[in-house]
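Summary of structural features
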Amino acid sequence: MGLFDFFKKKETEPEAQVALDKGLEKTKEGFFSKITKAVAGKSTIDDDVLDNLEEVLVTSDVGVNTTLKIIDRIQQRVTKDKYLSTTELNHLLRDEIQLLLAENNSNDFRQFEYGQHKPYVIMVVGVNGVGKTTTIGKLAHKLKAENLKVVLGAADTFRAAAVEQIKLWGERVGVRVVAQAMGSDPASVAYDTLQSAVANGEDVVIIDTAGRLHNKIGLMNELGKIKNVMEKVIPSAPHEILLVLDGSTGQNAFEQCKQFTEATDVNALAITKLDGTAKGGVVIGISDQFKIPVKYIGVGESMNDLQLFDKKAFVDSLFK
C-alpha cells in the first residue's frame, strides 16, 4: 500500500461516514432550520426566497462572494425552469454546492497520487489554538497504522507547550520526535529532522511551525527560512504546506487563510473542529475563495476523526 493510500479505503468504511454525519450535526441543524424559515409560507422560489436564502448562507459562514455565486446559479436555474417549487430548493442547493466544490477541489483525494517522494515532507502552518498539533498527531497515527515510518519535527520552538505537546503525541502514537530546547532556531530543528529522516529511511516527515501571526513580513521570513534549509537536505521539500484552520471561528478562518496564503505557498488545507460548531459552511466558502484543496477535515475528538475530505460524502451528509 502506497503513501496515504489508506485513505482510499474510507469510502467503504461505514464508521467514517457515521463520524462525518455526527460531526456535521450542528451545522445541519442550524442550516436547515434557517432554510425552513426562509421558505415559510412560500410555494415557489421567488425573489423573497432567494433573498432569505442569501441571508441563510452568509450567516452559515459560507462567505459573501461564494453566497452570491450560489444564489446567481440558483436564480439562473429558476429562470430557465420557471416556477420551481420551494420543495425543490434543497435539491437545487445541494447540486450547486456539489458543483462548486467539484470545481474548486479538482483533485479527488480518494485517487490522488502523491508521487514517489521518500521521505514525503509536510510543513504544517496555522495560528495557535486551531488544532494544529492535534491534526499532526492524528495524521501521524493514521500513517503509523499503515506501517509507514513517520517522524515529527518540533519546530514551534517559541512555546514550551508546543514542543511538549508534539512529544506527547509522539509517545502516544509511537513515532519519533526531533526536538531542541525552547527558543532554538526553528529552521535548525527542521534541518535536523529531515537529515535524520533520510538517514533512518523514514517515509513521512511532519514539521510543526510557530502559530504566530505577528506580522506578515516576519511570518514570511520565518517560514521562508525553514523551507530554504529543508531544500538543502531534500531539494523538493516541503512537498505539502498544510494550513490548519479552526472551522468554528467562521469568518476569522477566512482572514487567517488570507494571511498565510500571502506569506507562504499553501497547497493544502485542514479544517478542524467541525463537530463543535454550526459553521460548517466555512468549508464551502474557503474552498471557493482560495482555490486551495481542502484535504482533511476534523469531525471529532478521537484519533480516527481526522478524515480525508471527500466532497461528495460531505455534501451528502450535509443534506441527509
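As the structure is a prediction and not an experimental result, all values here were calculated from the model.

**Section: the overall build of the chain**
Check the secondary structure of the chain and you find 12 helices and eight strands. A compact globule built from 320 residues would reach a C-alpha radius of gyration of about 20 Å, and the chain, at 21 Å, matches this within 12%. With the C-alpha coordinates of the chain rotated into their principal frame, the extents come out at 65 × 40 × 30 Å. Relative to its 320 residues, the chain shows a buried fraction of 55%. Counting only carbon and sulfur atoms, one obtains 50% of the accessible surface of the chain, whose full area is about 13,600 Å². Positive and negative charge centroids in the chain, built from 39 and 44 side chains respectively, lie 3 Å apart.

**Comments concerning the sheet that holds strand β7 (residues 294–298)**
Spatially, β3-β2-β4-β1-β5-β6-β7-β8 is the arrangement adopted by the eight strands of the open sheet, whose pairing is mixed. Two strands bound the open sheet, and with one partner strand each, they are β3 (176–178) and β8 (306–308). With direction set aside, neighbouring strand axes in the sheet form an average angle of 25°. Looking at chain direction, β7 and β8 are connected through three bridges and run antiparallel. From the neighbouring strand, Tyr 296 faces β8, where its bridge partner is Leu 308.

**Brief notes about the UniProt feature "domain: SRP54-type proteins GTP-binding" (unreviewed entry) in the chain**
Per the UniProt annotation, the sites labelled "domain: SRP54-type proteins GTP-binding" (unreviewed entry) are residues 293–306. When the span residues 293–306 is considered, its composition is 0% helix and 43% strand, and the gap between its end C-alpha atoms is 16 Å.

**Details of the environment of Val 56**
Its place among the elements puts Val 56 in helix α3 (residues 47–59). As for Val 56 and Gly 281, which are separated by 225 residues in sequence, their C-alpha atoms are 10 Å apart. With residues up to four places along the chain from it excluded, the contact list for Val 56 reads Phe 31, Lys 34, Ile 35 and Ala 38.

**What about a nonpolar patch on the surface?**
Taken together, the side chains of Val 58, Val 64 and Leu 68 present a nonpolar region at the surface, about 220 Å² in accessible area. Tracing the backbone through its elements, the reader meets Val 58 in helix α3. Val 58 sits in the partly exposed class, given a relative accessible area of 32%.

**Notes on helix α9 (residues 216–233)**
Over its 18 residues, α9 extends 26 Å from the first C-alpha to the last, a length consistent with the 26 Å expected when each residue adds 1.5 Å. Among the residues of α9, Leu 219, Glu 222, Leu 223, Ile 226, Lys 227, Val 229 and Met 230 are the ones counted as buried. One side of α9 holds all its buried residues, which, seen down the axis, span an arc of 165°. Residues of α9 that are exposed and point over 90 degrees away from its buried face: Ile 217, Asn 221 and Lys 232. On its buried side, α9 packs onto β1 (120–125), α8 (186–200), β4 (204–208), β5 (240–246) and α10 (251–263).

**Some points on the nonpolar core**
Leu 93, Ile 206, Met 230, Leu 269 and Phe 314 are the most contacted members of the largest nonpolar core, which has 100 residues in total. Mapped onto the domain boundaries, this core takes at least three residues apiece from domain 1 (15–103) and domain 2 (120–310). If sequence neighbours within four positions are ignored, Met 230 has contacts with Val 121, Met 123, Ala 190, Leu 194, Ile 207, Ala 237 and Pro 238.

**Some thoughts on the domain arrangement of the chain**
One can read the domain layout of the chain as domain 1 (15–103) and domain 2 (120–310). Contacts between the two partners involve 16 residues from domain 1 and, on the opposite side, 23 residues from domain 2. Together domain 1 and domain 2 conceal approximately 1,600 Å² of surface at their shared face, both sides included; 55% is due to carbon and sulfur atoms. Area buried by domain 1 at its contact with domain 2 is led by Lys 26, Asp 61 and Leu 101, which between them contribute 33% of it.

**Comments concerning helix α5 (residues 89–104)**
Given a rise of 1.5 Å per residue, 16 residues ought to cover 22 Å, and the 23 Å separating the end C-alpha atoms of α5 matches this to within 8%. Those residues of α5 lying buried are Leu 89, Leu 92, Leu 93, Glu 96, Ile 97, Leu 100, Leu 101 and Asn 104. Buried residues of α5 fall within an arc of 160° about the axis and therefore sit on the same side. Against the buried residues of α5 lie α2 (25–38), α3, α4 (64–81), α11 (282–290) and α12 (311–318).

**Comments concerning the packing of aromatic side chains**
By the definition in use, this model includes one aromatic pair. Note on Phe 309 and Phe 314: the rings are 5.3 Å apart at their centroids and 65° apart in plane angle, and the pair reads as edge-to-face. Like Phe 309, the residue Phe 314 is buried in the burial classification.

**Some words on the packing of α5 against α12**
Running from N to C, α5 and α12 point in directions that differ by 160°, and their axes come no closer than 10 Å. As summarised for this structure, α5 and α12 are arranged roughly antiparallel, according to the angle between their axes. For α5 against α12, the interelement crossing comes out right-handed. Listed contacts from α12 to Arg 94, Ile 97, Gln 98, Leu 101 and Ala 102 of α5 are Lys 311, Lys 312, Phe 314, Val 315 and Asp 316. Class assignment for the residues of the contact of α5 with α12 results in five nonpolar, one polar and four charged.

Rules used throughout
Residues numbered from 1 in each chain as written. Predicted model: local features only at pLDDT ≥ 70, side-chain atom pairs only at ≥ 80, totals over all residues. Heavy atoms only, no water. Helix = DSSP H or I, 4+ residues; strand = E, 2+ residues; numbered from the N terminus. Rg over C-alpha atoms; globule rule 2.2 N^0.38 Å. Buried < 20%, exposed > 50% of the residue type's maximum accessible area, 1.4 Å probe, protein only. Areas by Shrake-Rupley, 256 points an atom, 1.4 Å probe, with all protein chains shown as cover. Lys, Arg positive; Asp, Glu negative; His and termini not counted. Charge placed at Lys NZ, Arg CZ, Asp CG, Glu CD. Pairing = 2+ DSSP bridges. Axes fitted to C-alpha atoms, helices over the stretch in contact; angles between N-to-C directions. UniProt positions renumbered as here; feature names shortened; annotations may be inferred. Contact = heavy atoms within 4.5 Å. Patch = residues over 30% accessible without salt bridge, like charges linked within 9 Å, V, L, I, M, F, W, Y side chains within 5 Å. Salt bridge = Lys/Arg side-chain N within 4 Å of Asp/Glu carboxyl O. Expected span 1.5 Å × (residues − 1). Arc of directions from axis to C-beta. Core = buried A, V, L, I, M, F, W, Y, C linked by side-chain atoms within 4.5 Å. Domains from an automatic or database assignment. Buried area = accessible area lost by both parts, 1.4 Å probe. Phe/Tyr/Trp six-rings, centres within 6.5 Å; stacked < 30°, edge-to-face > 60°. Parallel < 35°, antiparallel > 145°, perpendicular 65-115°, else oblique. Left-handed = near helix turned anticlockwise from the far one by under 90°. Nonpolar A, V, L, I, M, F, W, Y, C, P; charged D, E, K, R; others polar.

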